[in-house]
Amino acid sequence: MRRVWDIPRARIQPDPSAVWEQQGVPAGIDPGPIADIAREACQLLASLSAPKGILADIDSSTFAEIYPGRGQNSPRSPLADIHPRAEKLALFAVTVGPSVSRRIDQLFGEHDYPLAAALDAAASLAADGAAAWVEKQFSSHCDPGQGVLRYSPGYCGWHVSAQIKLFATLKPEEIGITLGESCLMDPLKSVSGVVVAGPPAMHDFAPNFDFCAVCADRQCRDRIAHVLSAAKKET
Ligand code: SF4
């Protein structure tokens, strides 16, 4: 099945506090004047965003052709182990729309760096929120006991060159996302990847890959904890 959505803006709108935390202000610390800039960035985002999403179910043999990209994946990666065990897979892409990226570029061009950086951070959070929203739509069609997580090219050993086959299969141009030569998406504030459903434990792994040595946020830990605890609640 293939689905296309106009994602409700309110569902992806970040809180200003998330924006200043994204910019490096630790939680619980008074952000000072950064708070007003983050609020202004959130207002701008709310007026400019036009979030859209697309999701298409695929079978495991199709994904097995997409995953290798141009053969530049890390020799070992979490998704290489996870995707063969999937019970259900879907490609997805989301965007917050072109106006947001244009305004960020404009603000940098005008040397309004504080607001440009805050809007950039807010838009990144919104793009991730849009991806989470689409993951939730997919999840609502999965069995209650299945663990559902999304993975994106460019992260955790999955080379960004996989975008080429991913785009050729999903065709997210339908919602205004195109792929540049370096595999960067336009609009920049877009996210693409695969949503994977299966036994929750299949998403769990030890973060001991070569590339983990330079990973600052170790986001996989929270993501895995979340999927495991969600599955526990369902049973
Ligand atoms: S530690 Fe970082 S790089 Fe390694 S799998 Fe987790 S999120 Fe990816």
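Residues numbered from 1 in each chain as written. Predicted model: local features only at pLDDT ≥ 70, side-chain atom pairs only at ≥ 80, totals over all residues. Heavy atoms only, no water.

Visitor: Mind laying out the packing of aromatic side chains, listing which residues take part and the relevant values?
Guide: For the structure shown, the criterion picks out 7 aromatic pairs. Judged by centre distance (6.1 Å) and plane angle (45°), the rings of Phe108 and Tyr113 are tilted. Classification of Tyr113 by relative accessible area gives partly exposed; the value is 43%. Put simply, the rings of Phe63, Tyr67 and Trp158 touch in pairs and so form one group of aromatic residues. It is Lys88 that lies over the ring of Phe138; its NZ or CZ is 5.4 Å from the centre. (Phe/Tyr/Trp six-rings, centres within 6.5 Å; stacked < 30°, edge-to-face > 60°. Buried < 20%, exposed > 50% of the residue type's maximum accessible area, 1.4 Å probe, protein only. Lys NZ or Arg CZ within 6 Å of the ring centre and 35° of its normal.)

Visitor: Residue-level account of the pairing of strand β7 (residues 190-198), with values.
Guide: Most of β7 is tucked away, with 9 of its 9 residues classed as buried. In this sheet, β7 lies alongside strand β4 (residues 147-151) in antiparallel orientation, the contact comprising 5 bridges. In the sheet register, Gly147 faces β7, and the bridge partner there is Gly198. (Helix = DSSP H or I, 4+ residues; strand = E, 2+ residues; numbered from the N terminus. Pairing = 2+ DSSP bridges.)

Visitor: Report on the pairing of strand β3 (residues 88-95), specifying residues and quantitative values.
Guide: Among the 8 residues of β3, 7 are classified as buried, and the element is accordingly described as predominantly covered. Of the pairings in the sheet, the one linking strand β2 (residues 52-58) to β3 comprises 7 bridges and is antiparallel in character. Its bridge partner lying in β3, Ala56 is registered against Leu91. Sheet analysis places β3 next to β7, joined by 8 bridges and oriented antiparallel. What sits directly across from Lys88, in β7, is Ala197.

Visitor: Account for the environment of Ala130, naming residues and giving values.
Guide: Mapped onto the fold, Ala130 is located in helix α6 (residues 113-139). Counting along the chain gives 36 residues from Ala130 to Val94, while the straight-line C-alpha distance between them is 6.2 Å. Apart from residues lying up to four places away in sequence, Ala130 is in contact with Ile7, Ile12 and Val94. (Contact = heavy atoms within 4.5 Å.)

Visitor: Go over the site of the ligand with me, naming the residues and quoting the values.
Guide: Around the ligand sit Cys156, Phe205, Pro207, Phe211, Cys212, Cys215, Arg218, Gln219 and Cys220, and those are all the residues in its vicinity. Among the residues forming the shell around the ligand, the class breakdown is 7 nonpolar, 1 polar and 1 charged. (Near = heavy atom within 4 Å. Nonpolar A, V, L, I, M, F, W, Y, C, P; charged D, E, K, R; others polar.)

Visitor: Give a detailed account of the side chain of His83, specifying residues and quantitative values.
Guide: Tracing the sequence through the fold places His83 in the loop between α4 (78-82) and β3. If we skip the residues at most four places from it in the chain, His83 touches Phe63, Ala64 and Tyr67.

Visitor: So what's going on with helix α7 (residues 163-170)? Which residues, and what values?
Guide: Each α-helix winds once per 3.6 residues, and so residues spaced three or four apart point in a common direction. Along α7, the residues classified as buried are Gln163, Leu166, Phe167 and Leu170. Buried residues in α7, looked at end-on, bunch into an arc of 95°, giving them a common side. Positive phi appears at Lys171, one or two residues downstream of α7, with a value of about 55°. (Arc of directions from axis to C-beta.)

Visitor: Lay out the packing of helix α2 (residues 34-48) against α6 with the relevant residues and their values.
Guide: Packed helices, taken two at a time, are described by the angle between their axes plus the distance between the axes. The interhelical angle for the contact between α2 and α6, taken along N-to-C directions, is 55°, at an axis separation of 8 Å. As the angle between them shows, α2 and α6 are arranged oblique. Remark: the crossing between α2 and α6 carries right-handed chirality. Residues Ile37, Ala38, Glu40, Ala41, Leu44 and Leu45 of α2 lie in contact with α6, whose contacting residues are Pro114, Leu115, Ala118, Leu119, Ala122, Ala123 and Ala126. Taken together, the residues of the contact of α2 with α6 break down into 12 nonpolar, no polar and 1 charged. (Axes fitted to C-alpha atoms, helices over the stretch in contact; angles between N-to-C directions. Parallel < 35°, antiparallel > 145°, perpendicular 65-115°, else oblique. Left-handed = near helix turned anticlockwise from the far one by under 90°.)

Visitor: Now, about the packing of α2 against helix α5 (residues 98-109): what can you tell me, with residues and values included?
Guide: Interhelical geometry of α2 versus α5 gives an angle of 140° and a closest axis separation of 9 Å. Overall, the two elements α2 and α5 adopt an arrangement that is oblique. As for how α2 packs across α5, the hand of that crossing is right-handed. For the pair α2 and α5, the contacting residues are Leu44, Leu45 and Leu48 in the first and Ser99, Val100, Arg103 and Leu107 in the second. Here the residues of the contact of α2 with α5 are counted per class, giving 5 nonpolar, 1 polar and 1 charged.

Visitor: So, the nonpolar core: which residues are in play, and what are the values?
Guide: Core analysis: the biggest nonpolar cluster contains 39 residues, and Ile7, Leu55, Phe92, Val94, Leu119, Val134 and Phe138 have the highest contact counts within it. Of all the secondary-structure elements, those providing two or more residues to this core are α1 (16-22), α2, β3, α5, α6 and β7. When residues in this core are grouped by element, the largest group, 14 residues, is from α6. Once you skip the residues sitting within four places of it in the chain, Ile7 turns out to touch Ile12, Pro51, Lys52, Gly53, Val94, Ala130, Trp133 and Val134. (Core = buried A, V, L, I, M, F, W, Y, C linked by side-chain atoms within 4.5 Å.)

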